Amino acid sequence: MKKQYLFWVLLFVVALLAIINYRTPFFQQEGGGWSIGYGQSVRYPEHIAVGKNSIYSIETLKAQNDSTVFLADPFFVKEKDTFYLFFEHKKNKPNADVGLLTSTDGKKYQYRGTVLTQKFHLSYPQVFKYKNDFYMVPESKQANMVLLYKAHRFPFDWRICDTLIANVALVDPSIYLSDSLNILVATDYNKNMYLYEADSLFGKWKLHKKPIALIGTEARAGGRFFADKKGLVLPVQNCTKGYGYGLSLYRFSFHDGGYDVKRESPFYLMANKNIAAFNAGMHQLDMQRLDATHFYYVYDGNRLVSNSKHLNIRGPLKWSYLDLKNWILQK
C-alpha cells in the first residue's frame, strides 16, 4: 500500500514538473543585445508583420556612438512633422541613459544623442504631451521612486518636476491621463503589478482600492496604454520562456470605481526565429493612432547570444506559483 502511494505521489510530481516545464521551461536560452523596430498600418493591427518592417539595430547606432551596447524600450511622440523616438541607450558604463532618434517620415531615423542622464539607471522613457508641455516618466527604480520629468527645451533639457510615487522601487511605470481617469501601473521585484490613481498628473498618486492588477509571468508593463472605444489596452511582458520573450495585450475596463483585467491578445509579439535581431524575444510596444486611418508603432527585440541553454529551476517553480495566484486573483 505504501509503495502504491509513493508511486502515485511520484507520478503526480513528474506530471506537475512536466506541466511547469511546458509553460516555463527549466532550460532557457540567453538573450543578448536589443534593437528597435517600427512600422505603420492603415487600420488597427490585429497582427504586426514584424518581418516586413524596418529595424534600427545595435550596429546602426554603434556606427554613430561606438560605446553602444544596445537600444531598447522605445516610446515616440509625433509633433508637427517630426517623429521623436526616445529609448533606453545602454553604453559601456553601469547605468543606461535616454537617447533620441528623429525622423520626418517615420521611415528613416537619425541619432540625435543623449537627452537625459542621471547617476542612477534610466530606461522605459514614456514621453507624452500634457497641457501643451512635454513630460517623461522613465523607469527610475534605482532612485527608489517614480519620477516625473519636464522638457524645458523639447526634445532636450529634461528636469525633474515632481515625484509621483516615493520610497518604493518599481519597474516600467506606464501612465494614462484623461479628463475622467488618471492611472499608473508599475511592478515590484516580486512580480506584482500595482495600479495607482490620482485626480490629475500633479495630484496625489495613491494605490487603487484594488491595488494589484496582475501577478506572475505577465505582470510587467511593456508599453503605453492604448485607448479605443472599448476602453484601455496595455501591452504586458511575458517571461514564461525567459525575460523578454514575448508580449501580450490586456484589456483594462473601469466601472463604478473598480476595474477588470482580461488577457485579450496572447503573444501579440514574441521571439521570431526568422529575424536575427529578434530571435530571442520581444518585450515592448508603443502603438498610437496618428489620424483617423493611420496607426504607427515602435517596438524592440533582442537576439540570442548562442544556441546553448542554461538550467533555471527556481524561476519556473516560482513563476508557476505566482501565475496560479494570478489566476485566482482574476477569478
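Look a little higher up for the structure.
Just so we're clear, the structure is a prediction, and the values are computed from it rather than from any experiment. (Residues numbered from 1 in each chain as written. Predicted model: local features only at pLDDT ≥ 70, side-chain atom pairs only at ≥ 80, totals over all residues. Heavy atoms only, no water.)

Caption draft 1: Inspection of the packing of aromatic side chains at higher detail. Tallied over the full model, the rule gives 23 aromatic pairs. Their ring planes at 85° and their centres at 4.9 Å tell us that F75 and Y124 sit as a pair that is edge-to-face. Residue F75 is found in strand 3 (residues 68–79), and its partner Y124 is found in strand 7 (residues 123–130); the two are separated by 49 residues along the sequence. Here F254 and Y259 contribute two aromatic rings whose centre-to-centre distance is 5.5 Å and whose plane-to-plane angle is 35°, an arrangement assigned as tilted. The partly exposed category is assigned to F254, whose relative accessible area is 27%. A connected cluster of aromatic rings, assembled from ring pairs, spans Y84, F86, F134, F154 and W158. Above the plane of the ring of F83 lies K78, whose end atom (NZ or CZ) is 5.4 Å from the centre. (Phe/Tyr/Trp six-rings, centres within 6.5 Å; stacked < 30°, edge-to-face > 60°. Helix = DSSP H or I, 4+ residues; strand = E, 2+ residues; numbered from the N terminus. Buried < 20%, exposed > 50% of the residue type's maximum accessible area, 1.4 Å probe, protein only. Lys NZ or Arg CZ within 6 Å of the ring centre and 35° of its normal.)

Caption draft 2: Representation of unusual backbone geometry in the model. For the bond running from F154 to P155, omega is 5°, close enough to zero to count as cis. For P155, the position within the fold is in the loop between strand 9 (145–153) and strand 10 (156–166). Phi angles above zero are rare outside glycine, and D73 is one such case at about 50°. By secondary structure assignment, the location of D73 is in strand 3. Positive phi values are uncommon outside glycine, yet K191 reaches one of about 65°.

Caption draft 3: Broad picture of the pattern of salt bridges. This structure, assessed with the given rule, holds 14 salt bridges. Salt-bridge contacts for D323 lead to R23; the nearest nitrogen and oxygen are separated by 2.7 Å. Placement of the pair is D323 in helix 3 (residues 314–330) and R23 in helix 1 (residues 2–23), with a sequence separation of 300 residues. Bridged by salt links that share partners, the residues E139, K141, D172 and R220 form one connected network. (Salt bridge = Lys/Arg side-chain N within 4 Å of Asp/Glu carboxyl O.)

Caption draft 4: Molecular detail of the nonpolar core. Judged by nonpolar contacts, the single largest core of 19 residues is most densely connected at V185, M193, L214, F225, L234, F252 and V261. No other element matches strand 16 (residues 231–238), which puts three residues into this core. Apart from residues lying up to four places away in sequence, F252 is in contact with V185, M193, L195, A213, F225, G231, L232, L234, Y259, D260 and V261. (Core = buried A, V, L, I, M, F, W, Y, C linked by side-chain atoms within 4.5 Å. Contact = heavy atoms within 4.5 Å.)

Caption draft 5: Main features of the sheet that holds strand 10. Read across the open sheet, the four strands follow the order 7-8-9-10; overall the sheet is antiparallel. The open sheet terminates on both sides in strands that have one partner only, identified here as strand 7 and strand 10. Pairwise comparison of adjacent strand axes, ignoring direction, gives a mean angle of 25° for this sheet. (Pairing = 2+ DSSP bridges. Axes fitted to C-alpha atoms, helices over the stretch in contact; angles between N-to-C directions.)

Caption draft 6: Geometry of the side chain of T240. Topologically, T240 is positioned in the loop between strand 16 and strand 17 (246–255). Residue classification places T240 among the buried residues on the basis of a relative accessible area of 8%. A polar contact is formed between the side chain of T240 and the side chain of N238, at a distance of 2.7 Å. Setting aside residues no more than four positions away along its own chain, T240 makes contact with R23, T24, P25, Q28, T217, F267 and W319. (Polar contact = N/O pair within 3.5 Å; in protein donor to acceptor, adjacent residues only side chain to side chain.)

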